[in-house]
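Structural overview
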Amino acid sequence: MRESLPGLLVAVPLAGAALVPLIGALFRRGARETALVLHAGVFAIALALFALVQDGAPIAYAMGGWPGPWGIELRLDGLSALMALLTAGMACFAAPLDLSGRRSGAAGGRTSPFGDSLLRGVLLLLLAGLLGIVATRDLFNLFVFMEISSLAAYTLIAAGGGKATIAAFRYLLAGTAAGSLYLFGVGFLYALTGTLNMDDLPVQLAAAAPGAALATGVTLIAIGLSIKAALFPLHGWLPDVYVFAPTATTGFIAAVMAKVSAYALLRLLGETLFGVEAGAFVLDVLLWLGIGGVLVGGALAIAQTDVARMLAWSSISAMGTILIAVAVGSELAVTAALFHVVAHALAKGCFFFAAGALAGGLGLSRVQSWAGLASRLPGTAVAVTVAAFSLIGLPPVAGFFSKYLLLAATWNAGGAAGAAAFAALIASSLLAAVYLFRVLEAVWFRSPAQGSLLAEAPRTGPERLRLPRPLVFAVGALAALTLAGGLFAAAVERRLPRWPLPEPVGAASDLSRLDSARQEGAGTPGRRVLR
Amino acid sequence: MTDPVSLRPFAALLPGIVAALPILLCRRRPNLREGVTFLAGAVQLAAAVSMLPATLDGAAVTTPEIALLPGVALQFRADALGLLFLILSSVLWLATSAYSVGYMRSLKYGHQTGYFAAFAVAAASAAGIALAANLVTFLICYEILTVSTWPLVLHLRKPRVLASGRAYLAYTLFAGQLLLGAVVWTAALAPGAGFTPGGFLAGSASDGALRVLFVLFLVGVGAKAAVFPLHGWLPAAMVAPTPVSALLHAVAVVKAGAFGMLRITGWVFGPDLMWALDLALPLALLAGGTILFASLRAMTEDHLKRRLAYSTVSQLSYIVLGGAIGSPLALAGAAFHIAAHGFLKITLFFCAGSVYAATGKDRISQLGGLGRIMPITFAAFAVGALGMAGFPFLPGFLSKWNLGLGGMDSGQHWVAALLATSGALNLAYYFPVLKTAVFEGSPAPRLPYGRTIVRAEELPPRPRLIEPTPWLWAPPVFAAAAALVLGLFPDFGPGFWSLAEAAAASVTDGARDLTALYRGGPSR
Amino acid sequence: MTVYLFIVALFILGLGGMSLLPNLLRKLLAMNVMQVAVIVFFLAAAFKDGASVPILAESGPEGIAAEGYMNPLPHTLMLTAIVVSVSTTGLALGILIRIRRRFDTLNEVSLLRRLR
């Protein structure tokens, strides 16, 4: 049973993706319930895997009985189990929601014989793809799962209709370009080594001479994954997608999708290709791009008047933050990155669900239109406040502790890059404070404009404003988890996987040399910096 | 002496946080809601006083460490300085709560439930700052204080108020992030170190690095302490209701900043390191400059609360000055000034608020004759004003006297001259207030609270006393009386002077008897 | 070697077309060109001079002479890649039809103007 869990983790949602539309077409009902049960089941599998790998031993499943390096291996260690848990968990929040995302008034069109069961199946397909990326140890299989998840995501986004179709098509172009670049890069590595297995590859690479082909392959892979991770300056597809996609889709993909690509980046560059000189160089570049993304994303978020667009730019800033930590790559940095991944997924998911509910259901999409929200939807206002605190990094919520770890990790990395990253992280908090406190000010202290929806709605009684119950649940639960992640930060941190940093094989870059120097001089790492 | 480990400091921290929820739930029953506030304040005060004996014996009640992250722990410790601030803030929180009841109800302000809830959280975070045993704990409480006071500053929700609220956040959040950077840096230099009397950073990094670190701390904590040029938010924040201003100045925010400066100079860097790094004198000069600048600036303000705000900027720099000089007497004076300024300034704010609640007047030029019909209020105001100027038999005298002596001890003779000048300036900007109120103008007619338009039939036949409800005059009288007692018997009650003395002695070198220093020679 | 230059040219042509062409359908075609470049790259890398298709005639006691056969793996991988490419194209066409119905144009500039 234990060994087959990784297989089930991917197979259950994949089978569900076919099963749910079938049930929808045959019985006209029960599709939503089936999908919910399947999502809960996948979450339970992910939870079981997460609990099982806590002892440090990864769980592997050889597809078709072919062990690696010949066959495709699905393997969950602490890191991938955490990502799987996060992904499956966030999917549970999105699953009960209305996936068609028709904004009020825009409803209509032909009704398909499947009802909404098709989209529920596609959400399961998206989940299967993401979990596959997390679990697989095969470079080409990673590509396939990446394309599965991307295709599902394009479909879910385009289901929003209208402008969402344009955003979806542009995302499709960017995503396919990213996939092709990645595959091109994998081709170089395969031609050099004859293997696609992530464990076998470093062994074969150690024998191969470093050369232009290797560097090209690594760079192409990095560019491809960076597009998917929306890393600055390859983030162009992201804002429109997050703004126009249906609420449930935005909340889910904003919380996990780019992060899963960042995970793949960490796996490949930080682990499989760590010894490769070009890989270290790429990580160096990624660090500076991350710094750029943190600042540009934060600055452009300030310039937005639309809440969702502001949050989208904030996500670009957050991806920069995560990439910084991935690029620093020390044990502390990866712990910090994972803490930030979790904290940001919870808070951004909460914020996007709330923003989508208000924009989609009530037409409140601008920051100013949120004025007076606290008097009409106090629960939502509290949840949004908790999420905003976490995104800024204020105590006592989860974001503060991930910010603290990130600062400590970048400080310990030392050098110009470390210092710049440290300063950029502090600046990003300040930028986030500017754009998020603007929202909070409107929510709590401004009165709604005359004649606006919030001004007209009664405060009490059956006529008062209400959000759909699954959305209220998602927003409330995510806010509660954000708060709990802060109050029990020590417990969260203890359960984060420890990053197994392999010894550099070849010549390392400046950064990794500094990093190893840091490990030698543990205890007083800051000294070296300013002397 | 080993510190007793106990959970008792939490009893002083939790009442405010725990009370916030019932306060929010008692939305429809204001009397019960305010009862919860008073209960929480009383519990906090009782818990604080219960830790007094151990602290006066030289042992601080300490909580176990609560691990937050590896190497990062939450810990609270009731040492002399912390307990001094905690007892002060508990007492003044109770007084301010009583005053808030009178003020908010007389002026019929809305959103009172949120007001009292935010007030309780702010008081709890001030208690947390007082008892923080390490920098991370301090930082967490400091940030919670920022966000919990933000709604208080924005209470009136007018456009001008919103702009001031943004200024407040801009200064305090910016400072908070720099402080976060400094705390992370310090944690890298000295892993796991808590506040240590005399500092713990000596030798942990190069002089240049430590100087940069100090500047980060100075900006991070100094913005809340309103040290020039980071004082801009304080006068702007005067748009808040008067009890909030009282809270900002005497109980929580600015005082927490000044308290933080003492912690940084005395317990992180330590006086010896400060002098060795050539940081003490520049900081002292910066504080001295702030004292003079703010005193002069105060004179040009006609708005009474803004004048009081500049007075705070000036007075709190005494504390920074004492921390910078770092000699035993200067530190004791600075620590004592936390309490002295707390009682005096809250008296002045309460009086200003009473005048506004009773007559709707908030400018000094409008006060003509009010002193004759509000004698109780203006008598209390006079006590506060004289105390601020350092008049003997009032607590301000004791702190300034010791600051001056401490300056002399360290060879900084200019400190005494500065204190004399500043005292004169204090008189120069407080005296006109009293003069206008008592000797000028005709008394204003009695008006319903909060109204400023007078109808002919409302004009009284002759002036009579218009002291407002006891909720509005009793707190200032209490605060003024407390200030008088503190001035005459500095060790009365909780023993503020003993605590200040003990705090200073712990930083310098252990058991130096400060009273002997009055008689004996210089300490250095 | 020539074939690799051809592949790179094809890839860049596709990528450039995707970013520069104004019409969304043309972008889609360019995208297909780019995908084909990658597919050809894998097949070209698997090509060996003088080797035959990997269908084993017989295996002697000394084992299989691997140099006599081409590596079948890249070909199978590319079958999957082609499937992915076809699905992507199909989905893209579906989305394009919707865009055309709703906005009456496939010109990116005018569509982007509607998006803001």
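Model, not experiment: these values are computed from the prediction.

Criteria and thresholds
- Residues numbered from 1 in each chain as written.
- Chains lettered and ligands numbered in written order.
- Predicted model: local features only at pLDDT ≥ 70, side-chain atom pairs only at ≥ 80, totals over all residues.
- Helix = DSSP H or I, 4+ residues; strand = E, 2+ residues; numbered from the N terminus.
- Rg over C-alpha atoms; globule rule 2.2 N^0.38 Å.
- Contact = placed C-beta atoms within 7 Å.
- Buried ≥ 20, exposed ≤ 12 C-beta atoms within 10 Å, placed from the backbone.
- Nonpolar A, V, L, I, M, F, W, Y, C, P; charged D, E, K, R; others polar.
- Axes fitted to C-alpha atoms, helices over the stretch in contact; angles between N-to-C directions.
- Parallel < 35°, antiparallel > 145°, perpendicular 65-115°, else oblique.
- Left-handed = near helix turned anticlockwise from the far one by under 90°.
- Domains from an automatic or database assignment.
- Core = buried A, V, L, I, M, F, W, Y, C linked by C-beta atoms within 7 Å.
- Pairing = 2+ DSSP bridges.
- pLDDT = per-residue confidence, 0-100.
- Expected span 1.5 Å × (residues − 1).

Turning next to the overall build of chain C. Looking only at helices and strands, chain C has four helices and zero strands in total. Going from the N terminus to the C terminus, chain C shows its helices and strands as α-α-α-α. The C-alpha radius of gyration computed for chain C amounts to 20 Å, which surpasses the reference 13 Å derived for 116 residues by more than 25%, pointing to a less compact arrangement than a globule. Dimensions of chain C along its principal axes, counting C-alpha atoms only, are 70 × 30 × 15 Å. Taking contacts inside chain C between residues at least 6 apart in sequence as the whole, the part at least 24 apart equals 52%.

Scanning chain A from N- to C-terminus turns up 22 helices and two strands. Across the 531 residues that make up chain A, the buried fraction comes to 65%. The contacts in chain A between residues at least 6 apart in sequence include a share of 81% that link residues at least 24 apart.

Moving on, we get to the interface of chain B and chain A. Contacts between chain B and chain A engage 30 residues on the former and 28 residues on the latter. Breaking the side of chain B that touches chain A down by element, the ones donating at least two residues are β2 (66-69), α6 (135-153), α7 (159-189) and α8 (207-222) of chain B. When residues in the side of chain B that touches chain A are grouped by element, the largest group, twelve residues, is from α7 of chain B. Residues that form the side of chain B that touches chain A fall into these classes: 24 nonpolar, four polar and two charged.

All names here are of chain B. Interaxial distance between helix α4 (residues 80-106) and helix α21 (residues 496-507) falls to 8 Å at its minimum, and their mutual angle equals 150°. Looking at the two axes, α4 sits roughly antiparallel to α21. The element α4 and its partner α21 pack so that their crossing is left-handed. Side by side, α4 and α21 meet where A80, L81, L83 and L84 of the first sit next to F496, L499, A500, A502, A503 and S506 of the second. For the contact of α4 with α21, a count of residues per class yields nine nonpolar, one polar and no charged.

Turning to the interface of chain A and chain C, a few remarks are in order. Across the boundary between the two partners, chain A contributes 23 residues, which contact 28 residues of chain C. Of all the secondary-structure elements, those providing two or more residues to the side of chain A that touches chain C are α5 (139-158) and α6 (163-193) of chain A. A total of 14 residues in the side of chain A that touches chain C trace back to one element, the largest contributor, which is α6 of chain A. A per-class count over the side of chain A that touches chain C returns 14 nonpolar, six polar and three charged.

Attention now moves to the domain arrangement of chain A. For interface size, the figure often reported is the accessible area lost on association. Residues and elements named next belong to chain A. Domain boundaries assigned for chain A yield domain 1 (1-102) and domain 2 (138-530). Relative placement of domain 1 and domain 2: their C-alpha centres are 22 Å apart. Facing the 22 residues of domain 1 at the interface are 33 residues of domain 2. In terms of residues, the side of domain 1 that touches domain 2 owes the most to one element, helix α3 (residues 78-94), which gives ten residues. Split by residue class, the side of domain 1 that touches domain 2 holds 13 nonpolar, five polar and four charged.

A84 of chain A together with L84 and A335 of chain B are the most contacted members of the largest nonpolar core, which totals 466 residues. Split by domain, this core shows at least three residues from each of two domains, domain 1 (1-102) and domain 2 (138-530) of chain A. Beyond its immediate stretch of four places on either side in the chain, A335 of chain B contacts L81, L84, L262, A500, A503 and A504 of chain B.

Attention now goes to the pairing of strand β1 (residues 59-62) of chain A. For a regular strand, the rule is simple: side chains alternate between the two faces of the sheet. All names here are of chain A. Side-chain alternation along β1 places I59 and Y61 on a buried face and A60 and A62 on a face that remains uncovered. Bridge count for β1 against strand β2 (residues 73-76) is four bridges, and the pairing is antiparallel. Its bridge partner being in β2, A62 is matched across the sheet by E73.

With that out of the way, let us pick up unusual backbone geometry. The omega angle of the peptide bond from F232 of chain A to P233 of chain A is 0°, so this bond is cis rather than trans. In this model, P395 of chain A is joined to P396 of chain A through a cis peptide bond whose omega is 5°. In this fold, P396 of chain A is placed in the loop between α15 (378-392) and α16 (398-413). Not every positive phi belongs to a glycine, and A226 of chain B is a case in point at roughly 60°. Note on placement: A226 of chain B falls in the loop between α8 and α9 (233-236). Not every positive phi belongs to a glycine, and F393 of chain B is a case in point at roughly 70°. With respect to the helices and strands, F393 of chain B occurs in the loop between α17 (375-389) and α18 (395-409).

This next bit is on the confidence of the model for chain C. When pLDDT is averaged across chain C, the result is 87; 92% of the residues are at 70 or more. Here the prediction assigns the complex a pTM of 0.90, and the interface score ipTM is 0.94.

Residue and element names in this part refer to chain B. Position of G406 among the secondary structure elements: in helix α18. Judged by C-beta crowding, with 28 C-beta atoms within 10 Å, G406 ranks as buried. G406 has contacts with G322, I325, S327, L329, A330 and G333, leaving out every residue within four places of it along the chain.

To continue, consider helix α12 (residues 307-328) of chain A. The first and last C-alpha atoms of α12 of chain A sit 32 Å apart over 22 residues, in line with the 32 Å expected at 1.5 Å per residue. Burial analysis of α12 of chain A places 22 of its 22 residues in the buried class, the great majority of the element.

Residues and elements named next belong to chain A. The first and last C-alpha atoms of α16 sit 23 Å apart over 16 residues, in line with the 22 Å expected at 1.5 Å per residue. Most of α16 is tucked away, with 16 of its 16 residues classed as buried. G414 occupies a position one or two residues after α16 and carries a positive phi of about 70°.

Residues and elements named next belong to chain A. Relative to each other, helix α8 (residues 212-228) and helix α10 (residues 247-272) sit at 160°, their axes nearing to 8 Å. As the angle between them shows, α8 and α10 are arranged roughly antiparallel. Taken as a pair, α8 and α10 cross one another with a handedness that is left-handed. On α10, the residues that touch I221, A222, L225 and K228 of α8 are S261, A264, L265, L268 and L269. In terms of residue class, the contact of α8 with α10 is built from seven nonpolar, one polar and one charged.

Our next topic: the environment of A45 of chain C. Mapped onto the fold, A45 of chain C is located in helix α2 (residues 24-46). Placed 51 residues apart in sequence, A45 of chain C and L96 of chain C show a C-alpha to C-alpha distance of 34 Å. Excluding residues that lie within four positions of it along the chain, A45 of chain C makes contacts with G187 and A191 of chain A together with P74 of chain C.

Another point: the pairing of β2 of chain B. Residue and element names in this part refer to chain B. Judged from the three bridges that link them, β2 and strand β3 (residues 72-74) form a sheet pairing that is antiparallel. Looking at β3, one finds that L69 is bridged to V72. The antiparallel pairing of β2 with β3 creates a hairpin that spans two residues between the two strands, and G71 there sits at a positive phi of about 80°.

Once that is clear, we can look at the environment of A294 of chain B. Residue and element names in this part refer to chain B. Mapped onto the elements of the fold, A294 is located in helix α13 (residues 280-299). Along the backbone, A294 and A280 are 14 residues apart, and their C-alpha atoms lie at a distance of 21 Å. With near-sequence residues (within four places) excluded, A294 lies in contact with H231, Y310, V313 and S314.

Residues and elements named next belong to chain A. Across chain A, the average pLDDT comes to 86, with 91% of residues at or above 70. Scored below 50 in pLDDT, residues 103-110 shows five contacts in the model against residues more than four places distant or in partner chains. This stretch, residues 501-531, has a pLDDT under 50; its non-local contacts, to residues over four places away or in other chains, come to 60 contacts.

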